[in-house]
Amino acid sequence: MIDAHHHVWQIGQHDCTWPTPDDKPLYRDFGMDDVVPLAKAVGVQGSVLVQSQASDRDTDYLLALAERHDFVLAVVGWVDLAAGSAPQRIAQLAQREKMRGLRPMLQGLADDRWILQPQLVPAVQVMQEQKLSFDALIFPRHLPYIYQFACNWPDLPLVIDHAAKPPIAQNDKKAFTTWSEGMARLAELPWVYCKLSGLLTEANAGQGADALQPYVEHLFHVFGAQRVIWGSDWPVVNAAPNHAYADYRAWFELAHQLIPGQNASVTRQVFSENARTFYRL
């Protein structure tokens, strides 16, 4: 099994500016020596290490870690796609053995349409040429723009991180409809995948499996078992409002419980095969 989405960071190092002291229990160092025992204890045998800082230094740090840890199968890094130097930087990164994709941190940008600006085309073109993938860190309000971006780049594999952070805590039918329709539209594009991760941090303290179930069922309905990829989102999962699930093992077990059908074939796809296909492992 593969954990297709986790992080590591060192507070104050490698341009690490988040989490802040207000972000308890995340405001401390988290490293590979912390996550590997948790993952191996539930049978996970490898991982995709994903950037957490908008920084070249952070990406270099992750790639150096990956070279030292066989457990890390792939790295998703960060590049300023709008920079004039981006195409050269991306081409250089693509030569690193475990480099597999990039993730601009779209959720934190002021312009929801940022990803559609023409200035980014040279960088994205090199991503496509180098066979890198695109991790989309977004909220539901970004879905129309990510759909347009994905349509523009059909040869660029794209995965929606954390199912676009659906409005679980709102428990609002209109908000669910907006999210579900946007995800269904994206799922029509066969090169777009979705990560089953990050859902617990979008729920409130009183919500558990019953609250998450409609969202998970919708993901499997529109993407199918062939394009849903499990990730822990560790250590961010530790900050889930419902403390009963704020744990690597608890989320791993809950995800198994939530998967429709729960048969061995689907489990293999979601927890292993789909990550291998998407990230070329």
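Our subject in this report is the structure included herewith. These numbers come from a predicted model, not from an experiment.

**A few points about helix α6 (residues 173-187)**
Okay, so step 1: For α6, spanning 15 residues, the distance from its first C-alpha to its last is 21 Å, which sits close to the expected 21 Å at 1.5 Å a residue.
Okay, so step 2: Along α6, the positions that sit buried rather than exposed are A175, W179, S180, G182, M183, L186 and A187. Down the axis, α6 shows its buried residues gathered within 165° of arc, on one side only. Residues of α6 that are exposed and angled more than 90 degrees away from the buried face: K173, K174 and E181.

**A few points about the packing of aromatic side chains**
Okay, so step 1: In this structure the tally under the stated criterion is 13 aromatic pairs.
Okay, so step 2: Centroid distance F30 to W234: 5.3 Å. Interplanar angle 90°. Geometry classified as edge-to-face. Placement of the pair is F30 in the loop between β1 (2-6) and α1 (32-41) and W234 in the loop between β8 (228-230) and α8 (248-258), with a sequence separation of 204 residues. Like F30, the residue W234 is buried in the burial classification.
Okay, so step 3: Every member of this aromatic cluster is reached through a ring pair, and the members are W9, W18, F30 and W234.

**A few points about unusual backbone geometry**
Okay, so step 1: For the peptide bond that leads from W18 to P19, omega is 10°, which places it in the cis range.
Okay, so step 2: Residue position: P19 is located in the loop between β1 and α1.
Okay, so step 3: P235 follows W234 through a cis peptide bond whose omega is 0°.
Okay, so step 4: With respect to the secondary-structure elements, P235 resides in the loop between β8 and α8.
Okay, so step 5: Phi at D15 takes a positive value of approximately 65°, unusual for a residue other than glycine.
Okay, so step 6: Among the secondary structure elements, D15 is positioned in the loop between β1 and α1.

**Remarks on empty space enclosed by the protein**
Okay, so step 1: For the structure shown, the criterion picks out 1 cavity of 30 Å³ or more.
Okay, so step 2: In this model, the largest cavity occupies a volume close to 50 Å³.
Okay, so step 3: Taken together, S197, G198, L199, L200, T201, S232, D233, V237 and W251 make up the lining of the largest cavity.

**So, the pattern of salt bridges**
Okay, so step 1: Taken as a whole and assessed by the stated rule, the structure comprises 10 salt bridges.
Okay, so step 2: The partner of D161 in a salt bridge is R103, with the nearest N and O atoms 3.2 Å apart. Of the two residues, D161 sits in the loop between β6 (158-160) and α6 while R103 sits in the loop between β4 (99-102) and α4 (121-129), which places them 58 residues apart along the sequence.
Okay, so step 3: Of the residues examined, D161 reaches a relative accessible area of 0% and is grouped as buried.
Okay, so step 4: For E273, the salt bridge is made with R268, and the minimal N-O distance between the two is 3.7 Å.
Okay, so step 5: Accessibility expressed as a relative area gives 36% for E273, which makes it partly exposed.
Okay, so step 6: We classify R268 as partly exposed; its relative accessible area is 45%.
Okay, so step 7: Here the residues in one salt-bridge network are R103, D135, D161 and K195, joined through shared partners.

**Description of the packing of helix α7 (residues 209-223) against α8**
Okay, so step 1: Between α7 and α8, whose axes approach to 10 Å, the crossing angle comes to 55°. The pairing of α7 with α8 is recorded here as oblique in orientation. Read as a crossing pair, α7 and α8 show a hand that is right-handed. The residues of α8 that touch α7, namely those facing A209, L212, Q213 and V216, are W251, L254, Q257 and L258.
Okay, so step 2: Residues belonging to the contact of α7 with α8 are distributed by class as follows: 6 nonpolar, 2 polar and no charged.

**Observations regarding the pairing of strand β7 (residues 192-196)**
Okay, so step 1: Most of β7 is tucked away: 5 of the 5 residues are buried.
Okay, so step 2: Across the two faces of β7 the burial is the same, with V192, C194 and L196 and Y193 and K195 all buried.
Okay, so step 3: Pairing of β6 with β7, which is carried by 3 bridges, proceeds in the parallel orientation. If you follow L158 over to β7, its bridge partner there is V192.
Okay, so step 4: With α6 bridging β6 and its parallel neighbour β7, the resulting β-α-β unit is right-handed.
Okay, so step 5: Pairing geometry for β7 and β8, over 3 bridges, is parallel. Paired with C194 across the two strands is V228, which belongs to β8.

Conventions and cut-offs
- Residues numbered from 1 in each chain as written.
- Predicted model: local features only at pLDDT ≥ 70, side-chain atom pairs only at ≥ 80, totals over all residues.
- Heavy atoms only, no water.
- Helix = DSSP H or I, 4+ residues; strand = E, 2+ residues; numbered from the N terminus.
- Expected span 1.5 Å × (residues − 1).
- Buried < 20%, exposed > 50% of the residue type's maximum accessible area, 1.4 Å probe, protein only.
- Arc of directions from axis to C-beta.
- Phe/Tyr/Trp six-rings, centres within 6.5 Å; stacked < 30°, edge-to-face > 60°.
- 1 Å grid on protein atoms, 1.4 Å probe; cavity = no way out; pocket = protein on both sides within 12 Å on 5 of 7 lines; lining within 4 Å.
- Points joined across faces, edges and corners; volume = space filled by probe spheres on them.
- Salt bridge = Lys/Arg side-chain N within 4 Å of Asp/Glu carboxyl O.
- Axes fitted to C-alpha atoms, helices over the stretch in contact; angles between N-to-C directions.
- Parallel < 35°, antiparallel > 145°, perpendicular 65-115°, else oblique.
- Left-handed = near helix turned anticlockwise from the far one by under 90°.
- Contact = heavy atoms within 4.5 Å.
- Nonpolar A, V, L, I, M, F, W, Y, C, P; charged D, E, K, R; others polar.
- Pairing = 2+ DSSP bridges.
- Right-handed = clockwise from strand over helix to strand, strands pointing away.

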